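Topology and contacts: notes
The lines below spell out each chain.
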Amino acid sequence: MMLRFFAVRLLRALITIALVVTFAFIVLRVSGDPALEIMSVDAPPEAIAAFRKAWGLDAPLWIQYARYLLAILHGDLGQSMRDGREAVVVVAERIPATLELTVPALLFSLAVGIPAGVYAALQRNSRTDRAVMVAAIAGFTVPSFVFGLLLVLVFSIRLGWLPSGGIGGLGHCILPIVTLGVGGAAVLARFARGAMLEVLGQPYIRAGSARGLPWRRVIVSHALPNAAIPTLTIVGFMVGNLIAGAVLVENVFSWPGLGRLLVVSVVSRDLAVVQCILLLIAAVMIGANVTVDLLYGVLDPRIRTAPLCAGAGRC
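Residues numbered from 1 in each chain as written. Predicted model: local features only at pLDDT ≥ 70, side-chain atom pairs only at ≥ 80, totals over all residues. Heavy atoms only, no water.

Description of the overall build of the protein
Counted only if it meets this: Numbering goes from the N terminus for both helices and strands, where a helix is a DSSP run of H or I of at least four residues and a strand is a run of E of at least two. Here a residue-residue contact requires only that any non-hydrogen atoms of the pair lie within 4.5 Å. Computed with a 1.4 Å probe, the accessible areas rest on the Shrake-Rupley method; for each residue, only the protein chains presented here act as cover.
Within the protein one finds 13 helices and 0 strands. From first element to last, N terminus to C terminus, the protein shows the α and β order α-α-α-α-α-α-α-α-α-α-α-α-α. For the protein, long-range pairs separated by at least 24 residues make up 71% of all intrachain contacts whose partners lie at least 6 apart in sequence. Total accessible area on the protein is roughly 16700 Å²; 69% of this is exposed by carbon and sulfur atoms.

Following this line, the structure appears as structure tokens:
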């Protein structure tokens, strides 16, 4: 049963990646001509035609797609039209900078969101509970680029405590990390509160209290582990939100990561680089969700025997 559970999740992941690859390929080619973007509209028609032929853009779309799939199967993700280097090399150079933001931002979200949500649930209907939920709603609804600009206005321009952008020491990382992590912390706080409230209403919690167990022990030994199982589901989605948020945050703070490279490559129609980044993002997001599904199945054996659409609480 466990093997079948894993196989189904893996198959879904492969299908999703194939759909992402196909969608990205088609949209990038029907949305504009890379030859005109890179060589400009003033270039001689012969030069534009030669450029299209050199990069295979003169072939019908289905032939380009077949060539692209064959290249992927052989581990070739193409070359950058801007500088002729392998797209994988161009993208790999930016990964460390993005990880410098996304990993600390994820840890920030976990460290702030989960305790805040649990504490709000334990203080249900109190002023603290309402204050945490108001802050969570604000953190979730305010766009990351707006929040980032507000932080720059306050801490960089008004107070002069932190740099407004660029990459460098620890000071350059603080504002982008906070900007990127606040949204995830807000989502986790709301989700953790709901999961905790649901667990606190279960009969085994009341039974533990009735047997005379200390309330702290009931919370730590029984409520928190059971509330953590549904909360785990949202972490997989947070990875995708962090990557999507990095596109905006990196441009707000002039951070030379994958998000900034993606925007530049889309504007210049550098197809291979854009496709490589999208494939990487899809693989990371899908990998995170598959990992969450598998952990969910390990933590809650009932999931492995449930209908296939019920895994991790979603169809």
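Focus: the UniProt feature "transmembrane region" (unreviewed entry) in the protein
Our working definition: UniProt positions are given in the numbering used here, feature names are shortened, and annotations may be inferred rather than shown by experiment.
Mapped onto the present numbering, the UniProt feature "transmembrane region" (unreviewed entry) falls at residues 101-122, 134-157, 169-189, 227-252 and 272-296. Taken end to end, residues 101-122 is 100% helix and 0% strand, and its first and last C-alpha atoms sit 32 Å apart. Spanning residues 169-189, this segment combines 95% helix with 0% strand, and its end C-alpha atoms are found 30 Å apart.

Overview of the pattern of salt bridges
Heads up, the condition is: When a carboxyl oxygen of Asp or Glu lies within 4 Å of a side-chain nitrogen of Lys or Arg, that pair is called a salt bridge. The rule is simple: take the accessible area with a 1.4 Å probe, protein chains only, and divide by the maximum for that residue type; under 20% is buried, over 50% is exposed, in between is partly exposed.
All chains considered together, the criterion is met by 2 salt bridges. In this structure, Glu93 engages Arg85 in a salt bridge whose closest nitrogen and oxygen atoms are separated by 2.6 Å. Exposure remark for Arg85: the relative accessible area of 33% places this residue in the partly exposed category. Taking the shortest distance from any N to any O, the salt bridge between Asp129 and Arg193 comes out at 2.7 Å. Placement of Asp129 in helix 6 (residues 127-141) and of Arg193 in helix 8 (residues 170-200) is noted, with a sequence separation of 64 residues between them. With respect to class, Asp129 is no different from Arg193; both count as buried.

Examining the packing of helix 5 (residues 87-122) against helix 6
To be explicit about the condition: To define axes, lines are fitted to C-alpha atoms, for helices over the stretch in contact only, and angles between the resulting N-to-C directions are given on a 0 to 180 degree scale. Crossing handedness follows the turn of the near helix against the far one: under a right angle anticlockwise gives a left-handed crossing, and clockwise gives a right-handed one. In this classification, Asp, Glu, Lys and Arg are treated as charged, Ala, Val, Leu, Ile, Met, Phe, Trp, Tyr, Cys and Pro as nonpolar, and every other residue, Gly included, as polar.
Where helix 5 contacts helix 6, the two axes come as close as 8 Å, and the packing angle between them is 145 degrees. Note on packing geometry: the crossing formed by helix 5 with helix 6 is left-handed. Contact with helix 5, carried on its side by Ala116, Tyr119 and Ala120, involves Thr128, Asp129, Val132 and Met133 of helix 6 and no other residues of that element. A per-class count over the contact of helix 5 with helix 6 returns 5 nonpolar, 1 polar and 1 charged.

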